[in-house]
Amino acid sequence: MLDTRPADNLPRGTICIEDLEVGMIRHLRKEITDRDIELFAEISTDHNPVHLDDDYARDTIFEGRIAHGMLTAGLISAIIGEQLPGHGTIYMGQNLKFLAPVRPGDVVTAEVSVREIDYAKRRVGLDCRCMVGNTTVLKGDALVLAPSRKFD
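Calculation notes
Sequence order as written defines residue numbering, which begins from 1 separately in each chain. Note on the predicted model: pLDDT of at least 70 is required for a residue's local features to be given, and 80 or more for side-chain atom pairs to be given and counted; whole-chain, interface and lining totals, by contrast, use all residues. Values shown for side chains rest on all heavy atoms present in the structure; no hydrogens or waters enter the calculation. UniProt positions are given in the numbering used here, feature names are shortened, and annotations may be inferred rather than shown by experiment. Helix and strand labels come from DSSP, where a helix needs a run of H or I of at least four residues and a strand needs a run of E of at least two; each type is numbered from the N terminus. The working definition used for a salt bridge is a side-chain nitrogen of Lys or Arg within 4 Å of a carboxyl oxygen of Asp or Glu. Accessibility here uses a 1.4 Å probe with only protein chains present; expressed as a share of the type maximum, an area under 20% marks a residue as buried, one over 50% as exposed, and anything in between as partly exposed.

As annotated in an unreviewed UniProt entry, the protein chain carries the name (R)-hydratase and comes from Pararhodobacter oceanensis.

Now the structure itself:
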């Protein structure tokens, strides 16, 4: 079945705590390229050959190169920092489980949804997941401090 959803559900910016509701969802899709993996290795200084060397990676349990798990997790961070809640959000915590590999050329759909809101403390609990096709490759949750109109 062809996925006709847009790459993400803009707009980017800020959703203040006063406007957040349980159940709000934002997503984005990104194809993971060789260049993404190479740049992430350079930035993170993680040059594990399972990510960069085809010959080495073929002899691992993955039977081929895989993207860094934290590269995939970065898509969750992008949603939180750009869309939900967006600009001005501060990470307080993140739990992640990596369930399946992401390979060069895979299209990852990342999704973040609001699970709970503590308006008085400006804390928001988020459910997070990444999918490649129908396979969940990453799932977890995050706790963030959301921006407020009162402090802008």
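A. Main features of the UniProt feature "domain: MaoC-like" (unreviewed entry) in the protein chain. The feature "domain: MaoC-like" (unreviewed entry), as annotated in UniProt, sits at residues 29-118 in this numbering. The distance separating the terminal C-alpha atoms of residues 29-118 is 29 Å; by composition the span is 38% helix and 27% strand.

B. Focus on the pattern of salt bridges. This structure, assessed with the given rule, holds eight salt bridges. Aspartate 19 is the partner of arginine 149 in a salt bridge, and the nearest nitrogen-oxygen pair spans 2.5 Å. Of this pair, arginine 149 sits in the segment after β5 (135-145) while aspartate 19 sits in the segment before β1 (25-31); the two residues are 130 residues apart in sequence, bridging distant segments of the chain. Aspartate 54 is paired through a salt bridge with arginine 65; the nearest N and O atoms lie 2.9 Å apart. Of this pair, aspartate 54 sits in helix α3 (residues 54-58) while arginine 65 sits in the loop between α3 and α4 (69-82), and the two are eleven residues apart along the sequence. The exposure class of aspartate 54 is partly exposed, given its relative accessible area of 44%. With a relative accessible area of 13%, arginine 65 lands in the buried category. Overlapping salt bridges, with partners in common, bring together Asp34, Asp54 and Arg65 in one network.

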